[in-house]
Amino acid sequence: PAETCEALKSNMKTLQLATVGEDGAPHCGYTPFVKDNNELIVFVSQLAAHTRDMLSTNRAAVMIISDEADATNLFARCRVSYQCDVAQVVQTDTRYQSLLDSYQQRHGKMVTLLRQLPDFVLMRLVPQSGQFVMGFGKAYRLEGQHLETFVHARTG
């Protein structure tokens with residue numbers, strides 16, 4: 001499962017994002033991401049509810065899921081989900097430019113424009129727990145310091 005999970009994270013360019021606002025209202029969205037070691041880096045607009053939620057709560061859930069077009073069964077798409085702590089990467093951070101450069105390298109020229117917009121912020125999503133599903137009967141809890149251990153999940 002480790003190789004399949006890593007391939008999923010390398011091949012997919014966007015993640016699904018779930019947040020909760022200070023008022024308890026749930027929000028969902030998606031955004032392109034780039035991996036940085038065991039963390040996920042996103043560049044998001046403060047005009048979006050999910051960004052405001054992350055800035056106020058420092059929490060988010062994310063899912064990286066295989067494309068519907070590639071699925072043999074829509075009920076068992078390959079996916080990895082994480083509960084994350086979130087921190088803004090400020091422009092004075094020594095890694096800010098290199099992280100944004102990596103993001104731009106992966107996602108292209110559009111990022112050049114986004115970098116000029118004052119409402120966009122760079123965020124670091126740090127997985128704290130997770131689950132990986134390869135298909136029916138192939139679900140794993142992710143454990144260990146870097147969630148690198150796959151423990152087969154069983155019911156009952």
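Our subject is the structure that appears above.
How each quantity is defined
Residues numbered from 1 in each chain as written. Predicted model: local features only at pLDDT ≥ 70, side-chain atom pairs only at ≥ 80, totals over all residues. Heavy atoms only, no water. Helix = DSSP H or I, 4+ residues; strand = E, 2+ residues; numbered from the N terminus. Rg over C-alpha atoms; globule rule 2.2 N^0.38 Å. Buried < 20%, exposed > 50% of the residue type's maximum accessible area, 1.4 Å probe, protein only. Contact = heavy atoms within 4.5 Å. Patch = residues over 30% accessible without salt bridge, like charges linked within 9 Å, V, L, I, M, F, W, Y side chains within 5 Å. Areas by Shrake-Rupley, 256 points an atom, 1.4 Å probe, with all protein chains shown as cover. Salt bridge = Lys/Arg side-chain N within 4 Å of Asp/Glu carboxyl O. Arc of directions from axis to C-beta. Phe/Tyr/Trp six-rings, centres within 6.5 Å; stacked < 30°, edge-to-face > 60°. Lys NZ or Arg CZ within 6 Å of the ring centre and 35° of its normal.

Caption draft 1: Summary view of the overall build of the protein chain. Tallying secondary structure elements over the protein chain gives 4 helices and 9 strands in all. Counting from the amino terminus, the protein chain carries its helices and strands in the arrangement α-β-β-β-β-α-β-β-α-α-β-β-β. Scaling as 2.2 N^0.38, a compact globule of 156 residues should have a C-alpha radius of gyration of about 15 Å, and the protein chain matches this with 16 Å. By principal-axis analysis of the C-alpha atoms, the protein chain measures approximately 50 × 35 × 30 Å. The buried share among the 156 residues of the protein chain stands at 38%. Sequence-distant contacts, at least 24 apart, represent 61% of the contacts inside the protein chain between residues at least 6 apart.

Caption draft 2: Molecular detail of a nonpolar patch on the surface. Residues Leu74, Phe75 and Phe136 make up a contiguous nonpolar surface patch of roughly 430 Å² in combined accessible area. Residue position: Phe136 is located in the loop between strand S7 (120-133) and strand S8 (139-143). Looking at Phe136, the relative accessible area reads 59%, which means it is exposed.

Caption draft 3: Geometry of helix H2 (residues 49-57). Among the residues of H2, those classed as buried are His50, Thr51, Asp53 and Met54. The arc enclosing the buried residues of H2, seen along the axis, measures out at 160°, which places them on a common side. Looking at the buried side of H2, the elements it contacts are strand S1 (14-20), strand S2 (26-32), strand S4 (39-45), strand S5 (59-65), strand S6 (79-89) and S7. Asn58 sits one or two positions beyond H2 and adopts a positive phi of about 60°.

Caption draft 4: Examining the packing of aromatic side chains more closely. Counted under the stated rule, the structure contains 4 aromatic pairs. Between the aromatic rings of Phe43 and Tyr103, the centroid separation amounts to 6.0 Å while the plane-to-plane angle is 70°, which identifies the pairing as edge-to-face. Of this pair, Phe43 sits in strand S4 while Tyr103 is found in helix H3 (residues 96-107), placing the two residues 60 residues apart along the sequence. Note on Phe43: relative accessible area 3%, which makes it buried. Judged by relative accessible area, which is 2%, Tyr103 ranks as buried. Of the aromatic side chains, those joined through ring pairs into one cluster are Phe43, Tyr103 and Phe120. The ring of Phe33 carries the charged tip of Arg106 above its face, separated from the ring centre by 5.1 Å.

Caption draft 5: Summary view of the pattern of salt bridges. Applying the stated criterion to the full structure yields 9 salt bridges. The residue Arg115 makes a salt bridge to Asp101 at a minimum N-O spacing of 3.0 Å. Here Asp101 lies in helix H3 and Arg115 lies in the loop between helix H4 (110-114) and S7, a separation of 14 residues in the sequence. Taken together, the shared-partner salt bridges connect Asp36, Glu39, Arg95 and Arg124 into one network.

Don't take any of this as a statement about function, it's just geometry.
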